[in-house]
Amino acid sequence: MKLVFLGPPGAGKGTLAAKAVELLQIPHISTGAIFRTAIANKTPLGLKVKEIIDAGRLVDDETTIALVRERLAEADAQKGYILDGFPRTIAQAEALEGFSKIDRVVNFDIPDAAVIERLSGRRVCKNCGANYHILFSKPKKDGICDLCGGELYTRDDDKPEAIQKRLEVYRAQTAPLIDYYRKKGLLVDVDARPAVDQVITNFRQALKV
Ligand code: AP5
């Protein structure tokens, strides 16, 4: 199954994707995670995108499309994938049609207030990328990853000014994709407001998986 996860920053796309990967046995491909790895490794791509991402703006379409095209050509993505955070513009959606045929777009429905609460409390493992939340998904030991013992940190783009910018960018450039995919008959809405287990149930019911 070839899925796109669409929704505002902090809607829970990455959290649900981590669970859905086990259920569906397909890779989770997050453009944000690919960019963050490149930044951590100080690769040419990482150096190019760091400032843009920290400020909450979008990386240019050309760079992002080339990256996804290359990733989807890999062997593990042939039977299916969860594409998390791509496409984010109409131009990216049109480009995607040229190199892969998606089955469904899962639209994470959630109000801004919940997004702000989720992002401002998020903590991420520096080592393995696992996600936590200071209220909703606490690690067993403060500041330490349950899975690998790595240090937890706050993403630079989870600071208040960047969160506001990301929401603005989402409304202006990404939200139009909801109608775009609805008109194509590909959109499935999932209520992303409840706790994680209920969101998984909503997802399974919506997709019949
Ligand atoms: P990206 O990493 O894709 O960021 P995002 O879309 O802003 O999404 P997030 O990772 O912030 O949130 P999420 O929805 O995955 O939520 P999560 O599960 O972590 O992109 C980062 C940047 O890269 C972009 O701003 C842009 O600059 C660049 N970029 C990426 N793709 C691009 C593209 N296609 N084009 C151009 N630029 C691109 O959950 C959030 C928190 O809430 C966590 O703490 C979690 O524990 C908690 N939580 C999750 N679900 C629940 C729940 N049900 N109840 C309570 N808490 C919950």
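Report on the accompanying structure. Only a predicted model underlies this, so the values are computations on that prediction, with no experimental measurement involved. (Residues numbered from 1 in each chain as written. Predicted model: local features only at pLDDT ≥ 70, side-chain atom pairs only at ≥ 80, totals over all residues. Heavy atoms only, no water.)

## Structural notes on the packing of helix H5 (residues 90-99) against helix H8 (residues 176-183)
- It is the contact of H5 with H8, at a shortest axis distance of 10 Å, that shows an interaxial angle of 35°. The segment H5 lies against H8, with Ile-90, Ala-93, Glu-94, Leu-96 and Glu-97 engaging Pro-176, Leu-177, Tyr-180 and Tyr-181.
- Residues belonging to the contact of H5 with H8 are distributed by class as follows: 7 nonpolar, no polar and 2 charged. (Axes fitted to C-alpha atoms, helices over the stretch in contact; angles between N-to-C directions. Helix = DSSP H or I, 4+ residues; strand = E, 2+ residues; numbered from the N terminus. Contact = heavy atoms within 4.5 Å. Nonpolar A, V, L, I, M, F, W, Y, C, P; charged D, E, K, R; others polar.)

## Regarding the sheet that holds strand S1 (residues 2-6)
- Spatially, the 5 strands line up as an open sheet ordered S2-S3-S1-S4-S8, and their pairing is parallel. The sheet terminates laterally at strand S2 (28-30) and strand S8 (187-191), the two strands that pair on one side only. The sheet shows a mean angle of 25° between the axes of neighbouring strands, direction not considered.
- Note: S1 against strand S4 (residues 104-109), 4 bridges, orientation parallel. Each bridged residue has a counterpart across the sheet, and for Leu-6 the counterpart in S4 is Asn-107.
- Most of the contacts of H8 go to S8, to which it runs at about 130°, and overall it touches S1, S4 and S8. (Pairing = 2+ DSSP bridges.)

## Comments concerning helix H4 (residues 61-72)
- For H4, with 12 residues, the first-to-last C-alpha span of 16 Å sits near the 16 Å given by 1.5 Å per residue.
- Turning to H4, its buried residues are Thr-63, Thr-64, Ile-65, Leu-67, Val-68, Arg-71 and Leu-72.
- The N-cap residue of H4 is Asp-60: its side-chain oxygen and the backbone nitrogen of Glu-62 are 3.3 Å apart. (Expected span 1.5 Å × (residues − 1). Buried < 20%, exposed > 50% of the residue type's maximum accessible area, 1.4 Å probe, protein only. Polar contact = N/O pair within 3.5 Å; in protein donor to acceptor, adjacent residues only side chain to side chain.)

## Considerations on the sheet that holds strand S6 (residues 131-133)
- Spatially, 3 strands are ordered S6-S5-S7 in an open sheet, and the strand pairing comes out antiparallel. Two strands lie at the open edges of the sheet, namely S6 and strand S7 (152-153), each paired on one side alone.
- Both strand S5 (residues 122-125) and S6 contribute to a ladder of 3 bridges, which runs antiparallel. Across the sheet, the residue bridging to Arg-123 is Tyr-132, located in S6.

## Details of the site of the ligand
- Near the ligand there are 35 residues, and of these Thr-15, Arg-57, Arg-88, Arg-122 and Arg-166 occur at the shortest range.
- Residue Thr-15 places a side-chain N or O atom 2.6 Å away from an oxygen atom belonging to the ligand.
- Taking Arg-36, its side chain carries an N or O atom lying 2.8 Å from an oxygen atom of the ligand.
- With the chains in place, 96% of the 1000 Å² that the ligand exposes on its own is no longer accessible.
- When contributions to the shell around the ligand are tallied by element, the ones reaching two or more residues are helix H1 (13-24), helix H2 (31-40), helix H6 (112-120), S6 and helix H9 (196-207).
- Ranked by residue count, the leading element in the shell around the ligand is H2, at 4 residues. (Near = heavy atom within 4 Å. Areas by Shrake-Rupley, 256 points an atom, 1.4 Å probe, with all protein chains shown as cover.)

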